[in-house]
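Topology and contacts: notes
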Amino acid sequence: MNREKIIDGKFLAQKVRQKLAEEIKARGVCPGLAVILVGDDEASLIYDRNKKKAAEAVGMKCDFYHLPETTPETELLALIDSLNRAEDVHGILVQLPLPPQINPQNVLSAISPLKDVDGFSPCNAGLLMANSADAVVAATPKGVLYMLQSVLGNLSGKHAVIIGRSNIVGKPLAALLLNHNCTVTVVHSKTENIKEITGRADILVAACGCPRMVKKDWVKKGAVVIDVGINRTEGKLCGDVDFEDVYAQASYLSPVPGGVGPLTVAMLLTNTFEAFLKQNRLKN
Ligand code: NDP
């Protein structure tokens, strides 16, 4: 297998993290991140511990708040309020999904837009739609953009097809690629003739949570394929793209694991550093 086709997310993420660590050290600062998890979801616990480790490795402070599953919404909102005011906290993220007694919209709206490093608050989602430079761009779409630019450079005029329309991946990615002058099509579970549409894409991003759904006859020869999906089948991780099947058809493609996942964490740290600079009115 010609490994040059693989977009190595681990390597790219390492570069981003190293640059961040150098900048933080050179400035002699300590950006602060607060990660909140409500409940004991095993996968979320692993993700959040990884985020804490990654933040500390680049010289940030990271406080992990692990709250019981039964936490009332008022208590979570009170914690967010105190973190919004804390001068040593520059980024706040609340792990989704939340237990049913908590309304996620109330929680996302409560996070100060300046500290919303996940970019999921209505304010940042709106700023992204408006193509504002002030938008905090959600980490996964930002990581996908970074991967695409690493192999294509300028994305202007490319036809990008995104499989999935969630608020955390598909929709913000569509806005971001549109802002980078792609022609964007979003397909979802109700789309008819999906293969015909994906087969016209120069850039195909799969973010639907369907193990190995994308086969070679879904992909135009020479397309760049980014696999956001994280699925566990028979105890193993796999993406939404059938990597082996699509390999010969694509010009570049990202693997799972070792693709979008590591870049998502790196972009979360980048967002935290950028939030720190904004809150201290410093230049990047
Ligand atoms: P959601 O379940 O919120 O959204 C899935 C989207 O895919 C929906 O829009 C859904 O359509 C669409 N979809 C589902 N089945 C099909 C199908 N058969 N054909 C076409 N479209 C379909 O998932 P997320 O956006 O949160 O996550 C998507 C995947 O990405 C998951 O595997 C998740 O684990 C992974 N992920 C990975 C991250 C990373 O860092 N690598 C970060 C975030 C997510 P409809 O709207 O009609 O229901």
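Rules used in this analysis
Residues numbered from 1 in each chain as written. Predicted model: local features only at pLDDT ≥ 70, side-chain atom pairs only at ≥ 80, totals over all residues. Heavy atoms only, no water. Helix = DSSP H or I, 4+ residues; strand = E, 2+ residues; numbered from the N terminus. Expected span 1.5 Å × (residues − 1). Buried < 20%, exposed > 50% of the residue type's maximum accessible area, 1.4 Å probe, protein only. Contact = heavy atoms within 4.5 Å. Near = heavy atom within 4 Å. Polar contact = N/O pair within 3.5 Å; in protein donor to acceptor, adjacent residues only side chain to side chain. Areas by Shrake-Rupley, 256 points an atom, 1.4 Å probe, with all protein chains shown as cover. Nonpolar A, V, L, I, M, F, W, Y, C, P; charged D, E, K, R; others polar. Patch = residues over 30% accessible without salt bridge, like charges linked within 9 Å, V, L, I, M, F, W, Y side chains within 5 Å. Salt bridge = Lys/Arg side-chain N within 4 Å of Asp/Glu carboxyl O. Lys, Arg positive; Asp, Glu negative; His and termini not counted. Charge placed at Lys NZ, Arg CZ, Asp CG, Glu CD. Pairing = 2+ DSSP bridges. Right-handed = clockwise from strand over helix to strand, strands pointing away.

The end-to-end C-alpha distance of helix α6 (residues 139-152) is 20 Å, a good match for the 20 Å that 14 residues give at a rise of 1.5 Å each. Within the span of α6, buried status applies to Ala 139, Thr 140, Pro 141, Lys 142, Gly 143, Val 144, Leu 145, Met 147 and Leu 148. On the buried face of α6, the contacting elements are α1 (9-27), α7 (170-179), β6 (203-206), β7 (224-227) and α10 (260-279). Gly 153 occupies a position one or two residues after α6 and carries a positive phi of about 70°.

Let us look at the site of the ligand. In the region of the ligand, 22 residues are neighbours, and Arg 165, Ser 166, Ser 189, Ile 230 and Thr 264 sit closest. At 2.5 Å, a side-chain N or O of Ser 166 approaches an oxygen atom of the ligand. Between the ligand and the protein, one listed contact pairs a nitrogen atom with a backbone N or O atom of Val 228 at 3.4 Å. Notes on the ligand: free accessible area 920 Å², of which the protein chains cover 69%. Ranked by residues supplied to the shell around the ligand, first place goes to α10 with three residues. Looking at the shell around the ligand residue by residue, the class counts come to eleven nonpolar, ten polar and one charged.

What follows covers a nonpolar patch on the surface. A cluster of nonpolar side chains, Tyr 47, Ile 230 and Leu 237, forms an exposed patch at the surface whose accessible area comes to about 260 Å². You can see Tyr 47 is positioned in helix α2 (residues 42-57). In this structure Tyr 47 comes out as partly exposed when scored by relative accessible area, which is 38%.

The next subject is the environment of Val 29. Here Val 29 is to be found in the loop between α1 and β1 (32-38). On the basis of relative accessibility, which here comes to 22%, the residue Val 29 falls in the partly exposed class. Sequence-wise, Val 29 and Phe 276 are 247 residues apart; in three dimensions their C-alpha atoms are separated by 9.4 Å. Those residues in contact with Val 29 that lie beyond four places of it in its chain are Ile 24, Gly 59 and Phe 276.

Moving on, we get to a negative patch on the surface. Taken together, the side chains of Asp 40, Asp 41, Glu 42 and Glu 69 make up a negatively charged region of the molecular surface. Tracing the backbone through its elements, the reader meets Asp 40 in the loop between β1 and α2.

A large share of strand β4 (residues 159-163) lies buried, amounting to five of its five residues. Alternating positions in β4 separate into two faces, His 159, Val 161 and Ile 163 on one and Ala 160 and Ile 162 on the other, with burial throughout. Both β4 and strand β5 (residues 183-187) contribute to a ladder of five bridges, which runs parallel. Note on β5: the bridge partner recorded for Ile 163 is Val 187. Crossover connection from β4 via α7 to parallel β5: handedness right-handed.

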